[in-house]
Amino acid sequence: MWPGRHLVLALALGLIAVPAHAATIQIVMENLVVAPAEISARVGDTIEWVNKDVFAHTATARNGDFDVNLPPKKTVTSVLNKAGTVEYYCRFHPNMKAVLKIEP
Ligand SMILES: [Cu+2]
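It should be emphasised that the depicted structure is a prediction, and the values quoted were computed from it without experimental measurement.

S.K.: What should I look at first to understand the environment of Val33 in this one?
M.R.: Mapped onto the fold, Val33 is located in strand β2 (residues 33–35). Measuring from C-alpha to C-alpha, the distance between Val33 and Cys90 comes to 9.9 Å, with 57 residues separating the pair along the chain. In contact with Val33, not counting residues within four places along its chain, are Val28 and Met96.

S.K.: How should the coordination of the copper ion be read in this particular structure?
M.R.: Perfect tetrahedral coordination of a metal by four donors corresponds to 109.5 degrees between them, and perfect octahedral coordination by six donors corresponds to 90 or 180 degrees. Coordination sphere of the copper ion, protein contribution only: His57 (ND1), Cys90 (SG) and His93 (ND1), at 1.9 to 2.1 Å. When the donor residues of the copper ion are listed from N- to C-terminus, their spacing reads H-x32-C-x2-H. Here His57 is found in strand β5 (residues 57–61), whereas its partner His93 is found in the loop between β8 (84–89) and β9 (97–103), with 36 residues between them in sequence. Judged by relative accessible area, which is 1%, His57 ranks as buried. Residue His93 is classed as partly exposed on the basis of its relative accessible area, which comes to 22%.

What counts, and at which threshold
- Residues numbered from 1 in each chain as written.
- Predicted model: local features only at pLDDT ≥ 70, side-chain atom pairs only at ≥ 80, totals over all residues.
- Heavy atoms only, no water.
- Helix = DSSP H or I, 4+ residues; strand = E, 2+ residues; numbered from the N terminus.
- Contact = heavy atoms within 4.5 Å.
- Donors = N, O, S within 2.8 Å, 3.2 Å for Na, K, Ca; no water.
- Buried < 20%, exposed > 50% of the residue type's maximum accessible area, 1.4 Å probe, protein only.

Dropping the structure here:
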């Protein structure tokens, strides 16, 4: 029997686990503002942190779950690995703050 057939059948029946919910979510920092200020995501999703400013920012979780450094005019990606409602801010500009709701 043609071995590939089993794979096709298994895929068709949904027997092979594909991370169906994994998504890429973009969060933009521009003119000292984080947008969107609040967004929902899931564990396993990738956050694409886009810094459009000419100076560095950070995305620093108040609970210590993540601390992402964003050089000027750069995009950095990170994968969410823990659920929770996380408030985060920029260490250099503490008025820059937002909330990330991470569902399991
Ligand atoms: Cu900043």
